[in-house]
Amino acid sequence: MAIQKVMVIGAGQMGSGIAQVCAQAGYDVILNDIKQEFWDRGIGVITKNLSRDVEKGRKTEAEKEAVLNRISKSLDLRDAVDVDLVIEAATENMDIKQSIFKELDAIAPQHAILATNTSSLPITEIAAVTERPEQVIGMHFMNPVPVMKLVEVIRGLATTDEVYKEIEQMTIQLEKTPVEVNDFPGFISNRILLPMINEAIYALYEGVATKEAIDDVMKLGMNHPMGPLTLADFIGLDTCLYIMEILHDGLGDSKYRPCPLLRKYVAAGWLGRKSGRGFYVYE
Ligand code: CAA
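From a predicted model like this one, the values you see are computed outputs, not experimental measurements.

Trainee: Help me understand the pairing of strand 6 (residues 136–141), please; the structure alone is not making it clear to me.
Mentor: In the case of a regular strand, side chains alternate between the two sheet surfaces. Summarising burial for strand 6: 6 of the 6 residues are buried, a large majority. Taking every second residue as pointing to the same face, both faces of strand 6 are buried, with Val136, Gly138 and His140 on one and Ile137, Met139 and Phe141 on the other. Across 3 bridges, strand 5 (residues 113–116) lies against strand 6 in parallel orientation. Of the residues in strand 6, the one forming a bridge with alanine 115 is isoleucine 137.

Rendered as structure tokens:
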């Protein structure tokens, strides 16, 4: 059965972006969060993004309204009763995700696919709490979702080829490029990106160069759009530390040990852009 109706769980930065690209591609979207204020914030971000598209001539006002009209509000997981796909983008915490998936498994129709946007938690472990592990899959979008072309599509141990193909096809409908990845810590994106960021933090910690110099080397020398320390601030230093811990625990190799300076910044509450200070200060 073709996917038509999608529930996105979590109206934060990732969830609102996912809801936007799904609605732009013509899907009916239910955007779910636990609180009205989180939902309001999410739909506010989507409206702002669409208004910028209108200003830049990429969409008409009517197209913007049509996209917004395809997104409905939900504050209750029971609204997943008639969806074909759920994409969960809630907090990165295994207990929270497992409890959501357990509940969804009892609510969503039998044919529905349950996807998670987790950046590094094992898909197989999330799938294991459901009665349909063959229909559980990872859809890892990149931030900012409306701009970035990649979706890592992660097969859990039990994910069927049929489910994989359906999600691959849907990703193409979203005008993104799907990349097939198996379920190992950090998948591919964060297994490569985070050790690079962690190494940049070690270089700063050891006094090899200033933060500006480290960022310039990677920006101007390797054509990265952001230097690794700027990117770490953009992702959130708490998230960076969390992913490094997952790589370290899951792969058991000391090469993934988080840099002590990263730990210190997180302990200080210097979490990057979202807290106003990370490696750089944000007004
Ligand atoms: N939402 C929607 N659109 C956005 C946006 C956002 N949050 N941020 C920027 N854009 C759009 C802008 O509107 C602009 O589009 P137009 O020029 O057509 O209007 C375009 O993106 C470029 O933006 P800017 O000119 O403001 O700035 P920029 O050229 O520096 O681009 C960037 C911004 C796209 C974020 C770019 O710096 C970039 O690609 N940075 C790297 C991002 C990255 O690596 N993301 C992956 C993070 S890791 C991750 O997500 C996985 C994980 O699990 C941790």
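Trainee: For this particular structure, what's the right way to read the UniProt feature "binding site: NAD(+)" (unreviewed entry) in the chain?
Mentor: Following the UniProt record, the feature "binding site: NAD(+)" (unreviewed entry) maps to Gly10, Ala11, Gly12, Gln13, Met14, Gly15, Asp33, Glu92, Lys97, Ser119, Asn143 and Lys274 here. A maximum C-alpha distance of 22.9 Å is found for the annotated residues, which run over 265 residues; spatially they are spread out rather than grouped. Its location among the elements puts alanine 11 in the loop between strand 1 (5–9) and helix 1 (13–24). Structurally, the position occupied by lysine 274 is in the segment after helix 11 (260–268). Of the residues examined, lysine 274 reaches a relative accessible area of 54% and is grouped as exposed. Setting aside its immediate chain neighbours within four residues, lysine 274 contacts Gly236, Asp238 and Thr239. A distance of 2.8 Å separates the side chain of lysine 274 from the side chain of aspartate 238, its partner in a polar contact.

Trainee: What's the story with the site of the ligand in this structure? I'm lost.
Mentor: Residues in contact with the ligand amount to 18 residues; listed here are only the nearest, Arg52, Arg58, His140, Asn143 and Asn190. At 2.9 Å, a side-chain N or O of arginine 52 approaches a nitrogen atom of the ligand. Within the side chain of arginine 58, an N or O atom sits 2.4 Å from an oxygen atom of the ligand. Contact with the protein chains covers 63% of the free accessible surface of the ligand, which is 1,000 Å². Put simply, the parts of the chain that give the shell around the ligand at least two residues each are helix 2 (36–55), helix 7 (189–205) and helix 9 (228–235). When the residues that make up the shell around the ligand are grouped by side-chain class, the tally is 10 nonpolar, 5 polar and 3 charged. The residue makeup of the shell around the ligand includes at least three contributed by each of domain 1 (5–182) and domain 2 (190–275).

Definitions and cut-offs
- Residues numbered from 1 in each chain as written.
- Predicted model: local features only at pLDDT ≥ 70, side-chain atom pairs only at ≥ 80, totals over all residues.
- Heavy atoms only, no water.
- Buried < 20%, exposed > 50% of the residue type's maximum accessible area, 1.4 Å probe, protein only.
- Helix = DSSP H or I, 4+ residues; strand = E, 2+ residues; numbered from the N terminus.
- Pairing = 2+ DSSP bridges.
- UniProt positions renumbered as here; feature names shortened; annotations may be inferred.
- Contact = heavy atoms within 4.5 Å.
- Polar contact = N/O pair within 3.5 Å; in protein donor to acceptor, adjacent residues only side chain to side chain.
- Near = heavy atom within 4 Å.
- Areas by Shrake-Rupley, 256 points an atom, 1.4 Å probe, with all protein chains shown as cover.
- Nonpolar A, V, L, I, M, F, W, Y, C, P; charged D, E, K, R; others polar.
- Domains from an automatic or database assignment.

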